[in-house]
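# Inside the fold
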Amino acid sequence: MFTVASSTGTQYLTVTNAGRVGVGTSTPGAPFHAVSAGETWVERQTTIATYNPFVVGVLRLKLSRTDGVPNGLGDGIIFDMNDASGTPVAVASISSYWENNAPGTRGSALAFNTYVAGGPQYLGAAMNINSSNNVGINTATPSSRLQVVGDIQLGSKGVASQANLIFNTGST
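Overview of the structure.

## Things to note about the side chain of Asn134
Note that Asn134 resides in the loop between β10 (123–129) and β11 (135–137). Note on Asn134: relative accessible area 10%, which makes it buried. Engagement of the side chain of Asn134 in a polar contact is seen with the side chain of Arg145, the distance being 3.5 Å. The contacts of Asn134, once residues within four sequence positions are left out, are Asn128, Ile129, Pro142, Ser143, Ser144 and Arg145.

Following this line, the structure appears as structure tokens:
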């Protein structure tokens, strides 16, 4: 085993004899396992058949708080890029969060956020999928299977092309 620690013995990095790397933990439970202040950040798992039997490996982001994760909070990936002055700016994110974290009625959502052009400097909801599997484009709270706030364009702008919107009438 290889360990990097502070002069007081706090372990920062551990590489086990099995080749597992732990950052902030001396007992990595996966090939790469990072922990900060008791919260697990990144962990690779291969035993997730109870979640999705078709996935054999996963990079799992996990917010494991001892007090539970409140509604509206969850895990995410933030994409940063440097602006013209070299300052890192969050330009997009994908995040999961609890809509309801009560046992028996749990429901989660998935949000795709982008930097709002010309507006205040924050990430705004570009697309959300809620716990009812409703998809919202430009809305964080879709109330139907597909809800679009704003214009919808079919076909190519400025190009003579045929675009069809087909409705299934349910007739036989």
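Once you've had a look at it, read on.
## Some words on the packing of aromatic side chains
If you walk through the whole model with that rule in mind, you get zero aromatic pairs. The side chain of Arg106 reaches across the aromatic face of Trp98, ending 5.8 Å from its centre.

## Points about unusual backbone geometry
Even without being glycine, Asn133 reaches a positive phi, approximately 65 degrees. If you trace the backbone, Asn133 turns up in the loop between β10 and β11. Classification of Asn133 as exposed rests on a relative accessible area of 52%. Of note, Asn138 is a non-glycine position whose phi angle comes to about 70 degrees, a positive value. The class of Asn138 is partly exposed, set by a relative accessible area of 47%.

## Things to note about a nonpolar patch on the surface
Nonpolar side chains collect at one region of the surface, where Ile152, Leu154, Leu165 and Phe167 lie side by side and expose about 490 Å² of accessible area between them. With respect to the helices and strands, Leu165 occurs in the segment after β12 (146–148).

## Some words on the pairing of β10
Here strand β9 (residues 107–115) pairs with β10 via six bridges, running antiparallel. Residue pairing for β10: Phe112 is matched across the bridge by Met127. Where β10 meets β11, three bridges bridge the pair, whose relative direction is antiparallel. Across the sheet, Met127 pairs through a bridge with Ile137, a residue of β11. What sits between the antiparallel neighbours β10 and β11 is a turn of five residues, in which Asn133 has the positive phi angle 65 degrees.

Definitions and cut-offs
Residues numbered from 1 in each chain as written. Predicted model: local features only at pLDDT ≥ 70, side-chain atom pairs only at ≥ 80, totals over all residues. Heavy atoms only, no water. Helix = DSSP H or I, 4+ residues; strand = E, 2+ residues; numbered from the N terminus. Buried < 20%, exposed > 50% of the residue type's maximum accessible area, 1.4 Å probe, protein only. Polar contact = N/O pair within 3.5 Å; in protein donor to acceptor, adjacent residues only side chain to side chain. Contact = heavy atoms within 4.5 Å. Phe/Tyr/Trp six-rings, centres within 6.5 Å; stacked < 30°, edge-to-face > 60°. Lys NZ or Arg CZ within 6 Å of the ring centre and 35° of its normal. Patch = residues over 30% accessible without salt bridge, like charges linked within 9 Å, V, L, I, M, F, W, Y side chains within 5 Å. Areas by Shrake-Rupley, 256 points an atom, 1.4 Å probe, with all protein chains shown as cover. Salt bridge = Lys/Arg side-chain N within 4 Å of Asp/Glu carboxyl O. Pairing = 2+ DSSP bridges.

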